[in-house]
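Structural description and commentary
These are the residues of each chain, in order.
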There are 2 protein chains.
Amino acid sequence: MRMASPSRVGDARWRGALAVLEEMRREPGVTRAVVAQRLGLSSGSATEITARLRELALLSEAPAAASGRGRPTTVLGPHPEGPLVIAVDLRQEDWRCAVAALDGRPEIVEAGVHAGRGPEQVIGPIAQAVRRVHTRHGRRVRAVGVAVAATVQHGRVVQAATLGWDAVDLGALASDARLPLLIGNDATLAGVAEAREGAAAGAATALHVMIEVGVGGTLVVDGRPVSGATGAGGEFGHLPLGEPGLRCPCGATGCWDLAVDGRAIARHLGEPPPDDPRTYALAAIARTSADAATAAAVGRTAGSFGGGLAGLINALDPDVVTLGGLAQPLRAAATPEFEAALTGGLMRFRRADPPRVVAAVLGQDGALHGAALTALDHVLTEAGMNAWTAALRP
Amino acid sequence: MRMASPSRVGDARWRGALAVLEEMRREPGVTRAVVAQRLGLSSGSATEITARLRELALLSEAPAAASGRGRPTTVLGPHPEGPLVIAVDLRQEDWRCAVAALDGRPEIVEAGVHAGRGPEQVIGPIAQAVRRVHTRHGRRVRAVGVAVAATVQHGRVVQAATLGWDAVDLGALASDARLPLLIGNDATLAGVAEAREGAAAGAATALHVMIEVGVGGTLVVDGRPVSGATGAGGEFGHLPLGEPGLRCPCGATGCWDLAVDGRAIARHLGEPPPDDPRTYALAAIARTSADAATAAAVGRTAGSFGGGLAGLINALDPDVVTLGGLAQPLRAAATPEFEAALTGGLMRFRRADPPRVVAAVLGQDGALHGAALTALDHVLTEAGMNAWTAALRP
DNA sequence: CTGTATAAACTCGTCCATCGAGCATAAAGG
DNA sequence: CCTTTATGCTCGATGGACGAGTTTATACAG
C-alpha cells in the first residue's frame, strides 16, 4: 500500500492519463489515434492508458466512423459511470443547477427564481437541489462549482451588490462536507468558458469583458483566469476610467462602471439613476434608431466603453477580446462611436494588428460552463484521481 | 540513441533534476537535505539526482556548516564548469553586460555609455562585448537575456521612444546564431526580478510599477510575467487614467503616462514639457521642502499616481505592489497625497486588507537580474538540459 | 577519550509508466 | 480475394523514483 503524499516530484502515475483526459475534454469526440499523435504517445502507451482509464470508469471508447483505409480507431468520451461535477449559476434573479461529466457540457437539471429574496431563502433551495443531485448520483459527484454574481475573495462571497446581499457563506451548497466547493465570480467564470471553449478558444491570452450593472471580466492566460491574490481580480469596472469625481457605490470615484452601463445612459439623458440599469440600458439601446437624444447618449456610453477597452488592451495585450452581457449590444448600437474610441485609444504600434474584439458565444450559459470547467479542473488532478480510485474501491 | 522529441508526455527524465536545480537557484546555499524534504524526495532519490547533476557539471556540493547532531549535509551551488547565461541591460544612456551561473546572480563584466547615438553605433559594441564573453566561456554560455528600455513584441523591439529609436533588430546580440536570444522590456524584467528575488519574493501575484518617463511595469504570477499575446503587456501607462483629452505621443489620449512623470509636474507648474522628464522630476522632488508651488505640483502628481494605482489594484488584485524608478521617490515626497488617493481609490471591501505597497529593492539592477532569470528559465528546461548534455559530449 | 544519540547519506531490490519493435487486425481499394 | 494502410496489441527493456535497511559523520554526555 502507498500513502497519498502531497507534492511528490516523481509520482508520474497520472501524467499520461491526465493528458489523455484533458484532450478528451478539450475536444469531445477526438479519436484515440489523434490524441496519441498529439501527445507523442507510442501506440503501446495509448493502449495501456486507455485500458486503465476504461477500467477506472474514467473513459469510454466507441468505434469511430471509418474514414479511409486502415484499422478504424475509437472515439473517446466520458464513461457512463464516470465522475461528475455539479455546476451552479446564481444570478441576479434566478439560479440554475447542472451536472457535467468529464467532457464538461453542463446539463441543467434544476432551476429556480429568487428575485429579491434574502440569502437564507435562496441558498436553502439551491442546497436542496445540489443535495438531490448528489443523492441521485452518489459518489460519482466529485465537486461543486458555483458561479455567483458577486465579488469573491478567498472562495467566499464578500459582497453581492446586484443580489442586494452582503458577505454570504455559500458553504451549505457543498451538500456535505466532503464535496469540494469552488466558488467564482460569474464574469470570471464566463471568461474562462469563452477562452477555453467559446469565442476565444485557442487564444493563449484572452480578455473577457462583460457589462451588466457595471463591468466585470477577466484575463485568461492558458485557460486559467488571472484572479490575483485573493481571487477578486478582474474588477475592471473599478479602474478610474470614467468621469473624474463621480462617486461610485464601491467607495471609489471615477469608476469605469459608472460610464458604461445603464446609469451612464440615464445620466447623459439627464434622467435619474434607474432602479434596474440593465433593463434600462436594453430599452435605451432598443430605441436608438427612433430617438436621436437616446442615440447620442448611447453613443457617448459606447465611446466610454471603447476608450476604456483600448486602455485595457494597451495594458494587458490580449489575443482576443470577448464581449459578454450588454457589451455586445452596446457596441452594435453605436459601432462608429465605439470603434473610433477603441482605435483612438490604442497605442499607435498596436493599430496595425489590434486584437479581435468579438461577441461572446456562450451567452447566458458562460458562467455555468465556467463553473463546470473549474470544478472539473479540480477533479482532473493527481489528487482528484487518487480520490476517485479510492471511492471506486471502498 | 534517442531522438529529441518535442512534447513527450512521458519523458520524465529531467523532472526531479530540474526541481532540484530550481530550488538551488531560488535559494542559493540551500542544503541537499532541505531540498529533498521540500520536494518530498526520498534520500535515495536525492543521492541519485545530485550525483547525476554533479556528473553533468550542473551542480556542486560543498560540506555544509554543521549545525547540531547528525551527519552533516551539503550545500548546493552552481558547478564551476556549469552552464552560464549572458544578461544585457540596454538603458537610456548606457548598457551593461553580465554573466550569471545557475544561481542567477549576474556579475557585470562589461559596460558602456551610448547616450544619444543611433542603434547601429550602440548595438555593435554590445554585440562585441557579448562575443568576447561567449568566446571566453565557450559552450558554457547557453543563452542571452536582454532587457531593453523599449516596447517589445514577439521578441523584437518595435519602438524605443526613450532611446530615440524606431523598431530595431537586436538579433546581432546573440553573438552567433546558435545562442538563444531572449529580449524583454526593462520594466517587465525588473518586475520579474522583484517578484522572484526582490521585494515581492514569495508573493504569488505581484504588481511592479515603475516610473521613468511614463509608467511601465508588469503583473507577475507565480514568477512569470503576464505579458500578453505579443509580449507587450504591462503598458499600464497607456490606460486612460490621466487627464481626459491630453494627447500622448503614443497616439492615444488621456494616458496615465502624462499624469505621473516629470511632464505632469512641469504642466502643473505651468512650465513647458521638459526635455528630460526624469531628471526634471528628480529635481522637482528634491526641492519640494523649499518650494510650496513645486510641492503642490508634486503632490498632485503623486495623487494621480496613487489614484491610478488603486485602480490597478482593484483590477488586478496583487499581493504586493513594488515601486521602481521614480515611483518610490514620488510617493515619499508626497506621502499624504499619495496615500489619500490610493486609499480613496480602493474598493471599500479592499480597504480592510490592502496589498502592501513597497519600494523595489533591486534598484538599478532589477532589469539585469530579470534578464538573467529569463535566460536561465530557458536553460532550465528539458530541452535546455538535453542541449547541455549534448554540448558536454561532442 | 569513549560511547551513545542523531540526522543524513548511501545501497539495493522493487515498482511502474513509458518506450519501441514486432505482430495482429480491421477496414478500403483493386 | 489479396494488397494496402492505419491502427491496436503484446512484450521485453529502460530508467527515474521509492523505501527499507545500512553506513557514516557529527554532537553531546559521562
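Because the structure is predicted, anything quoted here is derived from the model rather than measured. Sequence order as written defines the numbering, with residues in each chain counted from 1. Here chains are named by letter from A upward and ligands by number from 1 upward, in the order in which they appear as written. Whole-chain, interface and lining totals are the exception, using all residues; otherwise, since this is a predicted model, local features are given only for residues with pLDDT of at least 70 and side-chain atom pairs are given and counted only at 80 or more. Side-chain figures throughout are based on the complete set of non-hydrogen atoms in the structure, without hydrogens or water.

A few words on the domain arrangement of chain A. All names here are of chain A. Domain limits in this description derive from either an automatic procedure or a database domain assignment. For chain A, the domain assignment lists domain 1 (15-77), domain 2 (84-190 + 366-392) and domain 3 (201-361). Relative placement of domain 1 and domain 2: their C-alpha centres are 30 Å apart. Contacts were defined at the residue level, with two residues in contact if any of their heavy atoms lie within 4.5 Å. Across the boundary between the two partners, domain 1 contributes 9 residues, which contact 13 residues of domain 2. With both sides pooled, the region where domain 1 packs onto domain 2 buries about 1,000 Å², and carbon together with sulfur makes up 71% of that total. Joining two parts hides part of their accessible area as seen by a 1.4 Å probe, and the buried area is that hidden amount summed over both. Area buried by domain 1 at its contact with domain 2 is led by L18, R25 and L58, which between them contribute 55% of it. Just to be clear on terms, a salt bridge is a Lys or Arg side-chain nitrogen sitting within 4 Å of an Asp or Glu carboxyl oxygen. Counting across the domain 1 and domain 2 interface gives 1 salt bridge. Residue D377 is joined to R25 by a salt bridge in which the shortest nitrogen-to-oxygen separation is 2.3 Å. Polar contact criterion, stated in full: a pair of N or O atoms within 3.5 Å, where within protein one must be able to donate a hydrogen and the other to accept it, and residues adjacent in sequence count only if both atoms are side-chain atoms. The tally of links from domain 1 across to domain 2 stands at 2 residue pairs in polar contact (both at pLDDT 80 or more). Charged means Asp, Glu, Lys or Arg here, nonpolar means Ala, Val, Leu, Ile, Met, Phe, Trp, Tyr, Cys or Pro, and polar covers whatever is left, Gly included. Taken together, the residues that form the side of domain 1 that touches domain 2 break down as 7 nonpolar, no polar and 2 charged.

Turning our attention to the relation of the copies chain A and chain B. A least-squares fit on C-alpha atoms brings the copies together, and the residues used are those whose pLDDT is at least 70 in both copies. Structural alignment of chain A on chain B gives an RMSD of 0.0 Å, achieved by rotating through 180° and translating 0.0 Å along the axis. The operation mapping one copy onto its partner corresponds to a two-fold rotation axis. In terms of proximity to the rotation axis, the leading residue of chain A is L241 of chain A, whose C-alpha is 2.8 Å off the axis. With an isologous cut-off of 70% or more, the 100% of interface residues of chain A that recur at the interface of chain B puts this contact in the isologous class.

It is worth spelling out the interface of chain A and chain B at this point. Listed by partner, the interface residues are 55 residues for chain A and 55 residues for chain B. When chain A packs against chain B, the two sides together hide about 3,900 Å² of surface, and 57% of this comes from carbon and sulfur. Remark: the boundary between chain A and chain B carries 0 salt bridges. Applying the counting criterion to the chain A and chain B interface returns 20 residue pairs in polar contact (both at pLDDT 80 or more). Counting only elements with at least two residues in the side of chain A that touches chain B, the list comes to α1 (15-26), α2 (32-39), β7 (151-153), β8 (156-159), β11 (214-221), α9 (292-316), α11 (335-345) and α12 (348-351) of chain A. When residues in the side of chain A that touches chain B are grouped by element, the largest group, 6 residues, is from α9 of chain A. Taken together, the residues of the side of chain A that touches chain B sort by class into 25 nonpolar, 21 polar and 9 charged. A run of H or I in DSSP counts as a helix once it spans at least four residues, and a run of E counts as a strand once it spans at least two, with each numbered from the N terminus.

The next subject is the pattern of salt bridges. Taken as a whole and judged by the stated rule, the model has 36 salt bridges over all chains. When the shortest N-O distance is used, the salt bridge between E243 of chain A and R267 of chain A registers 2.9 Å. Of this pair, E243 of chain A sits in the loop between β12 (224-225) and α6 (257-260) while R267 of chain A sits in helix α7 (residues 262-268), and the two are 24 residues apart along the sequence. Between R32 of chain B and E61 of chain B there is a salt bridge, and its shortest N-O distance comes to 3.0 Å. Here R32 of chain B, found in helix α2 (residues 32-39), pairs with E61 of chain B, found in strand β1 (residues 60-63); they are 29 residues apart in sequence, far enough to count as distant.

What follows concerns the sheet that holds strand β14 (residues 356-359) of chain B. Residue and element names in this part refer to chain B. At least two DSSP bridges between two strands are required for those strands to pair. Pairing in this open sheet of 5 strands is mixed, and the strands run β12-β11-β10-β13-β14 from one edge to the other. A single partner strand is all that each edge strand has here, and the edge strands are β12 (224-225) and β14. Sheet topology note: the strand β10 (residues 205-212)/strand β13 (residues 320-325) ladder contains 6 bridges and is parallel. For V209, the partnering residue across the bridge sits in β13 and is L323.

Mapped onto the fold, T74 of chain B is located in strand β2 (residues 74-77). Here the side chain of T74 of chain B touches E61 of chain B through a polar contact of 2.7 Å, side chain to side chain.

All names here are of chain A. For the pair helix α5 (residues 186-197) and helix α13 (residues 366-379), the least separation of the axes is 7 Å and the interaxial angle reads 80°. Considering their axes alone, α5 and α13 lie roughly perpendicular with respect to each other. On the side of α5, the interface is formed by D186, L189, A190, V192, A193, R196 and E197, while α13 contributes G366, A367, H369, G370, A371, L373, T374 and D377. Whenever a helix is involved, its axis is fitted only over the stretch in contact; in every case the axis is a line through C-alpha atoms, and angles between N-to-C directions fall within 0 to 180 degrees. Any angle from 65 to 115 degrees is called roughly perpendicular, while one under 35 is roughly parallel, one over 145 is roughly antiparallel, and all others are oblique.

Residue and element names in this part refer to chain B. In space, the 5 strands of this open sheet follow the order β5-β4-β3-β6-β9, with mixed pairing throughout. Looking at the sheet topology across the chains shown, the edges are occupied by β5 (107-113) and β9 (181-185). Taking the axes of each pair of neighbouring strands and ignoring which way they run, one obtains an average angle of 15° across the sheet. Bridging between strand β6 (residues 141-148) and β9 involves 5 bridges; their strand directions are parallel. By the bridge assignment for β9, V144 is matched with L181. Contacting β3 (84-90), β4 (94-100), β5 and β6, helix α4 (residues 119-137) crosses the sheet at an angle of about 165° to β3.

Turning to the environment of V215 of chain A, a few remarks are in order. Residues and elements named next belong to chain A. Within the secondary structure layout, V215 lies in strand β11. Separated by 90 residues in the primary sequence, V215 and F305 have C-alpha atoms spaced 9.5 Å apart. Sequence-distant contacts of V215, defined by excluding residues within four places in its chain, comprise V209, M210, E235, F236, G237, W256, D257 and V260.

Think of a nonpolar core as a cluster: buried Ala, Val, Leu, Ile, Met, Phe, Trp, Tyr and Cys residues, connected wherever their side-chain atoms sit within 4.5 Å. Whether a residue is buried, partly exposed or exposed follows from its accessible area with a 1.4 Å probe, protein chains only, as a fraction of its type maximum: under 20%, in between, or over 50%, in that order. If you look at the biggest cluster of nonpolar residues, it comprises 76 residues, and the most contacted ones within it are F305 and L309 of chain A together with F305 and L309 of chain B. Setting aside residues up to four positions removed in sequence, L309 of chain B forms contacts with L207, V209, W256, V321, L323, F338, L342 and V357 of chain B.

Residues and elements named next belong to chain A. Locating T288 in the fold gives a position in the loop between α8 (277-286) and α9. For T288, a relative accessible area of 17% corresponds to the buried category. For T288, the residues in contact, after removing those within four places along its chain, are T294, A295, V298 and A333.

It is worth spelling out helix α3 (residues 43-55) of chain B at this point. Residues and elements named next belong to chain B. In this scheme, a helix's expected span is set at 1.5 Å multiplied by one less than its residue total. An ideal rise of 1.5 Å per residue puts 18 Å on 13 residues; α3 measures up with 18 Å between its terminal C-alpha atoms. Every buried residue belonging to α3 is among A46, I49, T50 and L53, and all of these are buried. For α3, the angular spread of the buried residues around the axis is 95°, confining them to a single face. Facing away from the buried side of α3, by more than 90 degrees, are the exposed residues E48 and E55. The elements touched by buried residues of α3 are α1 (15-26), α2 and β1. A57 sits one or two residues past α3 and shows a positive phi near 60°. Here the arc refers to the directions that run from the helix axis out to each C-beta atom.

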